[in-house]
Amino acid sequence: MWSWLLILYTVYVPIFSCLWIVEMGFVLFYRKEFSSSYYFFFVLCGALSLINELVINFGTRLPLFPEVNSFFGTISWIQHGPFPTLLYAVGHFFGGAHETVNILTSINRATAIMIPQSHDKIWKYGIPISCVIVIIVGVAGSWHLFDSTAIFFPFLFDGEVYFTMFQGYNKHPEISDTRNAVIVALVSPSISVPLYAIAICFLRKKWKIKLIRTEFSLLLLGLSSVILSLPIAFHQLYAYIRGKSLTQNEIMTLYRMLPWLFDLRFFSPTVLVLITDSKMRRKLAALFVFRNKRSQFRHNRTVTTITSSVVRR
């Protein structure tokens, strides 16, 4: 018997994942309408969010439910070996890359508001440079994990078996992956939020410029996404500070909080873009209108065919 929480996850995670894919598809297909350099980072954020969700679901969410996590103990290559090691390392790589995209997005929005006349010139070269920066930061926070060892370790809590993924043998003990994750999670908002705040201050002087009003909605989208990612940063900081002093109940509580905090972090832009961006709303509405018209056309054609057949008889 599945718990209601597990059923809820199996419903909304695919829905929001599909919404991410649809919104990224709009940006890629209608490039002329979504021409702002911001949308490059939107698509990049979406791709990284989906990859992170895949890693989090397998590495954190499934081990959380005894109804479905038995295969972590019955299949040896899942519990230990290259698979959990790769999953652990990839999770840190794409997690750091995602936070880097948040910083780059805030810089992109700040230049759009503060120096709109040079914005396009800056990001003509800034986008390829940004791609290199994202890869470098991702590698810097995860390179030491690929040749170490991670495992899914079972533990009992209230009579149920749970699995948690953690680093087993570390070939680089001088590097703390937990500390690196906390630093990245805190550096991202500490840079992004001030940049957004400065950009908002500039709006007071330049609000009459049409470009500024157009870019303001994207600024709100980026700022909201960063603010909604703060809970996971504070969660990681709390766990790192408390460290080994955490009780078993506290560990389990934090462990259960992880999945929905990550969902808030990675899925929030899909809803926020519909709230702040009218172009995205129109494209999504047009998609359903097109489907309704297509269905109506098929219905009318079927009725016409049947009517013609009856008349011939």
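Computed from a prediction, not measured in an experiment: that's the story for all the values here.

Procedures and definitions
Residues numbered from 1 in each chain as written. Predicted model: local features only at pLDDT ≥ 70, side-chain atom pairs only at ≥ 80, totals over all residues. Heavy atoms only, no water. Helix = DSSP H or I, 4+ residues; strand = E, 2+ residues; numbered from the N terminus. Expected span 1.5 Å × (residues − 1). Buried < 20%, exposed > 50% of the residue type's maximum accessible area, 1.4 Å probe, protein only. Arc of directions from axis to C-beta. 1 Å grid on protein atoms, 1.4 Å probe; cavity = no way out; pocket = protein on both sides within 12 Å on 5 of 7 lines; lining within 4 Å. Points joined across faces, edges and corners; volume = space filled by probe spheres on them. Nonpolar A, V, L, I, M, F, W, Y, C, P; charged D, E, K, R; others polar. Salt bridge = Lys/Arg side-chain N within 4 Å of Asp/Glu carboxyl O.

Caption draft 1: Region of the structure containing helix α9 (residues 230–242). Taking 1.5 Å of rise per residue, the 13 residues of α9 would be expected to cover 18 Å, and the 18 Å separating its terminal C-alpha atoms lies within 8% of that figure. Restricting attention to buried positions, one finds in α9 the residues I232, A233, H235 and Q236. Burial along α9 is one-sided: seen end-on, the buried residues are contained in an arc of 160°. In the segment just after α9, G243 is the residue with positive phi, at about 55°.

Caption draft 2: Structural context of unusual backbone geometry. Of note in the backbone geometry, D158 takes a positive phi value of approximately 55° without being a glycine. Locating D158 in the fold gives a position in the loop between β1 (150–157) and β2 (160–167).

Caption draft 3: Molecular detail of the layout of surface pockets. Reported here for the largest pocket is a volume of approximately 1400 Å³. For the lining of the largest pocket, a count of residues per class yields 22 nonpolar, 16 polar and four charged.

Caption draft 4: Up close: empty space enclosed by the protein. Applying the stated criterion to the full structure yields one cavity of 30 Å³ or more. Quantified by volume, the largest cavity comes out at close to 150 Å³. Together, 16 residues line the largest cavity, and Y38, C45, N102, T105 and S225 are the ones closest to its centre. Looking at the lining of the largest cavity, the elements with two or more residues in it are α2 (38–61), α5 (82–114), α8 (210–228) and α10 (248–276). Considered class by class, the residues forming the lining of the largest cavity number nine nonpolar, six polar and one charged.

Caption draft 5: View of the pattern of salt bridges. Per the stated rule, a full pass over the model turns up five salt bridges. A salt bridge links D263 to R61, with the shortest nitrogen-to-oxygen separation between them at 2.4 Å. You can see D263 sitting in helix α10 and its partner R61 sitting in helix α2, a full 202 residues away along the chain. For the pair shown, D263 and R61 are each scored as buried.

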